[in-house]
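So the chains spell out like this:
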Amino acid sequence: MVDYTGLKQWMNLQFPSQLKVLLDFVNAVTFGNVEEVLKNVDKDEYARLSALSTRHATDYSLFRYFQKNPSPDLAGEIKNLHAKITQQAIKSLRQLNELIALCRNLNEKGLCYAVIKGPHLARMLYGKEAVKVSVDLDIMVVNTDDLAAFHEVFLRAGYACSEQKLMTGNWKQKFFVSAKREVHYFSREARCAVDLHVKPLANTILTAHRYRNFFRDIRQEAFESITIPVLPTEKYFVYLCYHAACHRFSRLAWLLDIMHFYRQKKDVMDMNRVIAVAVSLHMKRSLWLAFAMMHLLFEVEIPEKTISFSERDKPFAWMMKTCLRAISCGREEDLTLNARFDRMVYLISLNKGLVGKVDVVLSMVMRHLVLLLFNHKGAKM
């Protein structure tokens, strides 16, 4: 069994003071206990606390906390946070408009795809407040044979492709698709980036056959003025857990999204179905880690059915500590050789079974080959 008490003691010793304060503030705003958590923050700490909040995409929570607990020292920080949130809201609305326009074009072409995260998730979880920060739009391609048609839609919409030269040769394109999972687009006019996922999951070269039915149960959903294809609720939830787990939950906003999703949908989600999806997609460890991290940081109760199939797995205590280190470390620390090695070992541990573990290493090698063979400096690793 995982020693949560020991992990909390480790957090108390290892987490920077600003992170502990930020977690208290986020918890207070999330659970409506803003008046109960009063922290005396040194005036010199405000700037660092604000920078940390931006890194974790929790500016709105920090802003709401400061609003509820105003003081003369906070006037400048509240003004700065308000300015940041306003810019984030403008970006979110811009992304929403772009998503609607792009999906309308894709629908008219009769292309099969799925929308994930971004404005759709923001509307689902937070309504129309536009407080969720997204780096880009994420669209999944159902049939990789349609990649050229998707590429044309984005070019006609005014988007440039950072992998354009890889799209011109058939063998280059096939190699690129095998090595990576997305093609990147950006519109200068709309100031919007799009990740076009050519594979639903990362690190699936040897194991691609496991996910051949990933899009089998896509459902159509009314969204603003159009209809868009999305994953069913249980698979959507498991995917969010998988995505955050791959990134070691290093941004608190990802874990908050999962928590809000679970709290809003737990009465309609079938946990047996959630577990079945996680098992079929080989994401049991990702699902359990998500619940364990929510329990540790936000005191969310772990469903009994989830405990029964995962908590006895030996690597979890180490994996949780790895995730906690990722949440607490700075950007420079995360780029060190030791941090990169830990990240690789973590990803290997996240994938159960020899073939899955080999896939992680092989995928990393293939992605570096793309950089070396094509001198593709803009590729995201």
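No experiment lies behind these values; they were computed from the predicted model shown.

Colleague: Even after reading the chapter, I still don't get the overall build of the chain, so can you show me in this structure?
Modeller: Along its length, the chain carries 17 helices and 7 strands. Over its C-alpha trace the chain gives a radius of gyration of 21 Å, about what one expects of a compact globule, namely 21 Å for 381 residues. When the 381 residues of the chain are sorted by exposure, 53% land in the buried category. Taking as baseline every contact in the chain between residues at least 6 positions apart, the subset at least 24 positions apart corresponds to 71%.

Colleague: Before we go on, may I ask you to explain the side chain of Lys199 in this structure?
Modeller: Position of Lys199 among the secondary structure elements: in the loop between β5 (192–197) and β6 (219–223). The charged side chain of Lys199 is buried without a salt bridge, its nearest counter-charge being Asp359 at 7.5 Å. Sequence-distant contacts of Lys199, defined by excluding residues within four places in its chain, comprise Val177, Ser178, Lys180, Arg181, Thr204 and Ile205.

Colleague: Looking at this structure, I do not really get unusual backbone geometry. What am I missing?
Modeller: Excluding glycine, most residues fall at negative phi; most peptide bonds, likewise, are trans. Positive phi, close to 55 degrees, is recorded for Ala57, a residue that is not glycine. Residue class for Ala57 comes out partly exposed when judged on its relative accessible area of 21%.

Colleague: How do you make sense of the nonpolar core when you look at a structure like this?
Modeller: In summary, soluble globular proteins display a tendency toward joint burial of nonpolar side chains. In terms of nonpolar packing, the biggest core is built from 87 residues, with Phe66, Phe237, Phe249, Leu297 and Met320 touching the most fellow members. Counting residues per element, this core draws most heavily on helix α12 (residues 284–298), at 11 residues. Those residues in contact with Met320 that lie beyond four places of it in its chain are Val2, Tyr4, Leu7, Trp288, Leu289, Ala292, Met293 and Leu296. In terms of nonpolar packing, the next biggest core, distinct from the first, is built from 34 residues, Leu106, Leu111, Leu137 and Ala179 among them.

Colleague: Got a minute to help me understand the environment of Lys91 in this structure?
Modeller: Positionally, Lys91 belongs in helix α5 (residues 75–108). Setting aside residues up to four positions removed in sequence, Lys91 forms contacts with Ser134 and Val135.

Colleague: When you look at the sheet that holds β5 in this model, what are you seeing that I'm missing?
Modeller: Neighbouring strands of a sheet are bound in pairs by backbone hydrogen bonds; such pairs are parallel or else antiparallel. Within the open sheet, the 5 strands sit side by side as β1-β2-β5-β4-β3. Their pairing is mixed. The sheet is open, and its two edges are formed by β1 (113–116) and β3 (160–161), each paired on a single side. As judged from the 6 bridges shared by strand β4 (residues 182–187) and β5, these two strands associate in the antiparallel manner. In the sheet register, Ser187 faces β5, and the bridge partner there is Cys192. Contacting β1, β2 (137–141) and β5, α5 crosses the sheet at an angle of about 20 degrees to β2.

Colleague: In this structure, what is going on with the packing of aromatic side chains? I would like to understand it.
Modeller: Here a ring pair, both rings aromatic, is described through the centre-centre distance and the interplanar angle of the planes. In total, this model carries 15 aromatic pairs according to the counting rule given. Measuring from ring centre to ring centre gives 5.1 Å for Tyr262 and Phe291, while their planes differ by 85 degrees; the resulting arrangement is edge-to-face. With Tyr262 in helix α10 (residues 252–265) and Phe291 in helix α12, this pair connects stretches of sequence that are 29 residues apart. Residues Tyr262 and Phe291 agree in their burial class; the two are buried. An aromatic cluster of three or more residues is present, and its members are Tyr236, Phe237, Phe261, Tyr262 and Phe291. Note that Lys235 overlies the ring of Phe214, its terminal NZ or CZ placed 5.0 Å from the centroid.

Colleague: Would you take a moment to explain the pairing of β6 for this structure?
Modeller: Every other side chain in a regular strand lies on the same face of the sheet, so the side chains alternate between the two faces. Across 5 bridges, the pairing between β6 and strand β7 (residues 226–230) is antiparallel. Following the sheet pairing, Gln220 is matched in β7 by Pro229. Taken together, β6 and the strand that follows it, β7, pair antiparallel across an intervening segment of 2 residues, in which Glu224 is found at a positive phi of about 55 degrees.

Colleague: Just checking my understanding: could you explain the pattern of salt bridges for this structure?
Modeller: Once the charged atoms of two side chains with opposite charge are near each other, the side chains can pair. Applying the stated criterion to the full structure yields 8 salt bridges. We note a salt bridge from Arg123 to Glu224, for which the minimum N-O separation is 3.3 Å. Remark: Glu224 occurs in the loop between β6 and β7 and Arg123 occurs in helix α6 (residues 118–126); sequence separation between them is 101 residues. For Glu224, a relative accessible area of 40% gives the class partly exposed. Connected through salt bridges with shared partners, the residues Asp217, Lys235 and Arg273 form a single ionic network.

Colleague: Looking at this structure, I do not really get α6. What am I missing?
Modeller: Residues spaced three or four apart along an α-helix face the same direction, because each turn holds 3.6 residues. For α6, the tally of buried residues reaches 8 of 9 residues, placing the bulk of the element in the interior. Along α6, the residues classified as buried are Gly118, Pro119, His120, Leu121, Ala122, Arg123, Leu125 and Tyr126. Within two residues after α6, Gly127 carries a phi angle of roughly 70 degrees, on the positive side.

Colleague: Which parts of the structure should I look at to understand the packing of helix α3 (residues 46–55) against α5?
Modeller: Put simply, α3 and α5 touch, their axes get as near as 11 Å, and they point 20 degrees apart. With respect to each other, α3 and α5 are oriented roughly parallel. Of the two elements, α3 crosses α5, and the hand of that crossing is right-handed. Residues Tyr46, Ala47, Ser50 and Thr54 of α3 form the contact with α5, whose own contacting residues are Glu77, Leu81 and Lys84. Looking at side-chain class alone, the contact of α3 with α5 contains 3 nonpolar, 2 polar and 2 charged residues.

Colleague: I tried to follow the environment of Trp10 on my own but got confused; where do I start?
Modeller: Tracing the chain through its elements places Trp10 in helix α1 (residues 4–14). Once the C-alpha coordinates of Trp10 and Leu324 are considered, the two residues, 314 residues apart in sequence, prove to be 9.4 Å apart. Apart from residues lying up to four places away in sequence, Trp10 is in contact with Phe15, Lys321, Leu324 and Arg325.

Thresholds, definitions, all that
- Residues numbered from 1 in each chain as written.
- Predicted model: local features only at pLDDT ≥ 70, side-chain atom pairs only at ≥ 80, totals over all residues.
- Heavy atoms only, no water.
- Helix = DSSP H or I, 4+ residues; strand = E, 2+ residues; numbered from the N terminus.
- Rg over C-alpha atoms; globule rule 2.2 N^0.38 Å.
- Buried < 20%, exposed > 50% of the residue type's maximum accessible area, 1.4 Å probe, protein only.
- Contact = heavy atoms within 4.5 Å.
- Lys, Arg positive; Asp, Glu negative; His and termini not counted.
- Salt bridge = Lys/Arg side-chain N within 4 Å of Asp/Glu carboxyl O.
- Core = buried A, V, L, I, M, F, W, Y, C linked by side-chain atoms within 4.5 Å.
- Pairing = 2+ DSSP bridges.
- Axes fitted to C-alpha atoms, helices over the stretch in contact; angles between N-to-C directions.
- Phe/Tyr/Trp six-rings, centres within 6.5 Å; stacked < 30°, edge-to-face > 60°.
- Lys NZ or Arg CZ within 6 Å of the ring centre and 35° of its normal.
- Parallel < 35°, antiparallel > 145°, perpendicular 65-115°, else oblique.
- Left-handed = near helix turned anticlockwise from the far one by under 90°.
- Nonpolar A, V, L, I, M, F, W, Y, C, P; charged D, E, K, R; others polar.

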